[in-house]
Each structure stands twice: as C-alpha cells, then as structure tokens.
Amino acid sequence: MVNNSHFGGFILLGFPGQPQLEMIIPGVVFLFYTIALMGNMAIILLPLLDEHLQTPMYFFLRNLAILDLCYITNIVPQMLVNVWGKDKKISFGGCAFQLFTDVTLCTVECMLLSVMSYDRFNAVCKPLHYMTIMNPQLCRTLVAMTWGVGVTNCMILSPYAMSLPRCGNHHLDHYFCEISAMVKIACVDTTAMEETLFALCFFIFLTPLLLILVSYGFIAIAVLKIKSAAGRQKAFGTCSSHLIVVSIFYGTVIYMYIQPGNSPSQDEGKLLSIFYSIVTPSLNPLIYTLRNKEFKGAMKRLIGKEKCSLETTGH
C-alpha cells in the first residue's frame, strides 16, 4: 500500500494478474538486452577501428546503434528492478526522465531511418557523386536535425503529459513511463491531449515514412535499369537491411499509435511496446551485420590482427 499524501512517484503495474507473463518476460528482456548491448557496441566500435567502414552509411548506422543503446537502457534496468523486486515504485523525476527520453529517442529514430533512406538513394542512384553529396558536414547536419526534431517534439508533449492532474492515482498500467499510459490515468478530459498526440504522431511517423517510400521508389527504378543480375543483387543488398529495419519499426509503431479504428488492448499495447522498444534495438545490429559483407570482412580483419599481435607477443 502506498500513502498517497506523501508518495509523489508512480507504481509500475507491469502485467497485473498474469503471473506467467511476469515470470517469462524478465528472462526474455534480459536476453535481448544482452544481445542489444553486444551488437550495438560492435557497430559503434568497429567503424572506428577499420578505415573501410568510415563511410556515410556507417556513420548513420553508428548513430542508430547509439540511439538504440540509449533507448533500451532507458527502459530495461528499471523494468528488471521492478519485476524482480517487490518494490514497483519509480520516483516522479525518474518517471519524467524516462518519458522525456522515450519520446525524444522514438522521434529521432523515425527521422534517422528517413535520413538513412536518403543516404541509400544517393548510393544507388548517384554512385559517382555519392561521397561528394554525402559529405561529412551534411551527414552531421542531418543527424543534428533529427535530434532537433526529437527534442522539440518532446518539449511539446512530455511536460503537458506529466502535468495532467491524476487525483492521487499513482498506478501506471505499464512496465515503464510511456506517454499514452500517463494520459490514461489523468482525472480530467484528455481529448485535446489525445488529439495533439495523434496529430504529432501522424506527422512525426508518417512524414519520414513517406520520404522513405519515395526514396525507395527511385531506388527500385534505378535497380531495374541495371542490366547485370550481379549489379542488381549488389544494389538490393545495400538497401535490404534498412528496409527490414524500417518495416519492423514502423509496422509496430503505426499499429500501436496511429492505426485506424480501435486501438490495441492495454496488454497488447504493452507487448507491442516491448517489441519496438526492446526487441527491435536487439534485432537491428543482427540484421545489419549478418547481411553485410563489408561488416563481416571488417570483423575478420580485426580478428586476424588480434591473432597476429598475439602470435608476435608469444614469440
């Protein structure tokens, strides 16, 4: 029991009344968290150690890996503490930080996936001018713009959501401080907030998705004009990993936030949140590395250098 007059934070309910899920989910989440840490750290460090990977594509991929690491670390440690321990509380400040970070990073990821599609468009459609167009200054500017949009969206939505009156209700029906769950416990009419949330989600998610579709439309036309099967396969290989990541992330987010008709049930929404906030950051490095010959080649070169250095030291 919580003394409402003194407790200013929240109780993260998780999956109340479903002990089977409460037992299974922590182990699954911890597994994916470990995969995400190892995979994304490899993507961050390897391009810094291998000059063959110091290209615009790997610059954006490294930023995506940093983003995914921040995203999953923002949620998983607190979630595991709450699920494995008896205390499911989170302070008001901790909840606000979690919510602000979640909104910012989700927005940035939408924008960054769009920027990466523009990079792939130039790589396939303008290969001779690719390095000139995607110069380091432009790459840094594009990444800075994605963060600018993310922080702006966060500053619009998050303070309003945290300031909604809750009439002493501290029980958040989620496993982390997520904005739609925060709106649901308000004790006032939240129609205006929900409409604003829908409009911003529609703009933030669908505008980049439209740019991605346009980019890949041009890429498809360019690939079909390539006469050799090997050339078409190489061009498709440079884009397929990104398309898989886009499909997983956008498919889940659109179904959860801006699907027409009825929204997902509360438990279904929580499972979807686990998928796009925990599973997806774990899958991204696997998708990019397992399907990328350059990355696998860099790994072999790095392992080869380590073996040579150990043999030299041994002699």
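Only a predicted model underlies this, so the values are computations on that prediction, with no experimental measurement involved. (Residues numbered from 1 in each chain as written. Predicted model: local features only at pLDDT ≥ 70, side-chain atom pairs only at ≥ 80, totals over all residues. Heavy atoms only, no water.)

Draft legend 1. How the structure looks around the overall build of the chain. If you tally the helices and strands in the chain, you get ten helices and three strands. Across the chain, helices and strands are ordered from the amino to the carboxyl terminus as β-α-α-β-α-α-α-β-α-α-α-α-α. Counting over 315 residues, the chain shows a buried share of 46%. Partitioning the intrachain contacts of the chain with sequence separation of at least 6 by distance along the chain shows that 79% fall at a separation of at least 24. (Helix = DSSP H or I, 4+ residues; strand = E, 2+ residues; numbered from the N terminus. Buried < 20%, exposed > 50% of the residue type's maximum accessible area, 1.4 Å probe, protein only. Contact = heavy atoms within 4.5 Å.)

Draft legend 2. Structural view of a nonpolar patch on the surface. A contiguous nonpolar surface patch, about 380 Å² in accessible area, is contributed by Met41, Leu45, Leu48 and Leu49. Locating Leu45 in the fold gives a position in helix α1 (residues 19-49). (Patch = residues over 30% accessible without salt bridge, like charges linked within 9 Å, V, L, I, M, F, W, Y side chains within 5 Å. Areas by Shrake-Rupley, 256 points an atom, 1.4 Å probe, with all protein chains shown as cover. Salt bridge = Lys/Arg side-chain N within 4 Å of Asp/Glu carboxyl O.)

Draft legend 3. Broad picture of the side chain of Ser215. Looking at the secondary structure, you find Ser215 in helix α7 (residues 191-225). Looking at Ser215, the relative accessible area reads 10%, which means it is buried. The contacts of Ser215, once residues within four sequence positions are left out, are Ser117, Tyr118 and Phe121.

Draft legend 4. Spatial organisation of the state of the cysteines. With the rule as written, the count across this model stands at two disulfides. The disulfide partner of Cys95 is Cys177, and the gap between their sulfur atoms is 2.0 Å. Where Cys95 bonds to Cys177 through sulfur, the torsion about that S-S bond is close to -120°, and the disulfide is left-handed. You can see Cys95 sitting in helix α3 (residues 92-125) and its partner Cys177 sitting in the loop between β3 (171-172) and α6 (179-184), a full 82 residues away along the chain. Given the relative accessible area of 0%, Cys95 is considered buried. Here Cys167 pairs with Cys187 through a disulfide, and the sulfurs are 1.9 Å apart. Its S-S torsion of about 70° marks the bond between Cys167 and Cys187 as right-handed, since a negative value means left-handed. (Disulfide = S-S within 2.5 Å.)

Draft legend 5. How the structure looks around the pattern of salt bridges. Tallied over the entire structure, the rule returns one salt bridge. Residues Arg120 and Asp119 are paired through a salt bridge, measuring 2.9 Å at the closest nitrogen-oxygen approach. The exposure classification of Arg120 matches that of Asp119, with both residues buried.

Draft legend 6. Expanded view of the packing of helix α2 (residues 56-84) against helix α5 (residues 136-163). Packing of α2 against α5 brings their axes to within 10 Å, and their N-to-C directions diverge by 25°. As judged from the angle between their axes, α2 and α5 are roughly parallel. Crossing handedness for the pair α2 and α5: right-handed. When α2 is examined against α5, the residues Pro56, Phe59, Phe60, Asn63 and Leu67 are found in contact with a partner set consisting of Cys139, Arg140, Leu142, Val143 and Trp147. Across the contact of α2 with α5, the residue classes break down as eight nonpolar, one polar and one charged. (Axes fitted to C-alpha atoms, helices over the stretch in contact; angles between N-to-C directions. Parallel < 35°, antiparallel > 145°, perpendicular 65-115°, else oblique. Left-handed = near helix turned anticlockwise from the far one by under 90°. Nonpolar A, V, L, I, M, F, W, Y, C, P; charged D, E, K, R; others polar.)

Draft legend 7. Seen up close, the sheet that holds β3. In space, the three strands of this open sheet follow the order β2-β1-β3, with mixed pairing throughout. Unpaired on one side and paired on the other, β2 (89-90) and β3 mark the two borders of the sheet. Looking at chain direction, strand β1 (residues 10-12) and β3 are connected through two bridges and run parallel. Bridged to Ile11 within β3 is His171. (Pairing = 2+ DSSP bridges.)

Draft legend 8. Fine view of the packing of aromatic side chains. What the rule picks out here adds up to six aromatic pairs. Consider the rings of Phe59 and Phe60, whose centres lie 5.6 Å apart with planes at 65°: the pair is edge-to-face. A relative accessible area of 1% places Phe60 in the buried class. Clustering of aromatic rings is evident, with ring pairs tying together Tyr118, Phe121 and Phe218. (Phe/Tyr/Trp six-rings, centres within 6.5 Å; stacked < 30°, edge-to-face > 60°.)

Draft legend 9. The nonpolar core, seen in detail. One finds Phe60, Leu113, Met182, Tyr250 and Ile278 to be the most contacted residues of the largest nonpolar core, which totals 88 residues. Of all the elements, α3 adds the most residues to this core, at 15 residues. Beyond its immediate stretch of four places on either side in the chain, Leu113 contacts Leu64, Ile212, His242, Val245, Val246, Phe249 and Tyr250. (Core = buried A, V, L, I, M, F, W, Y, C linked by side-chain atoms within 4.5 Å.)

Draft legend 10. Highlighting the UniProt feature "transmembrane region" (unreviewed entry) in the chain. Under the UniProt annotation, the feature "transmembrane region" (unreviewed entry) is placed at residues 23-46, 58-76, 96-118, 138-162, 197-224, 236-258 and 270-290. Within the segment residues 197-224, helix and strand shares are 100% and 0% respectively, and the terminal C-alpha atoms sit 40 Å apart. (UniProt positions renumbered as here; feature names shortened; annotations may be inferred.)

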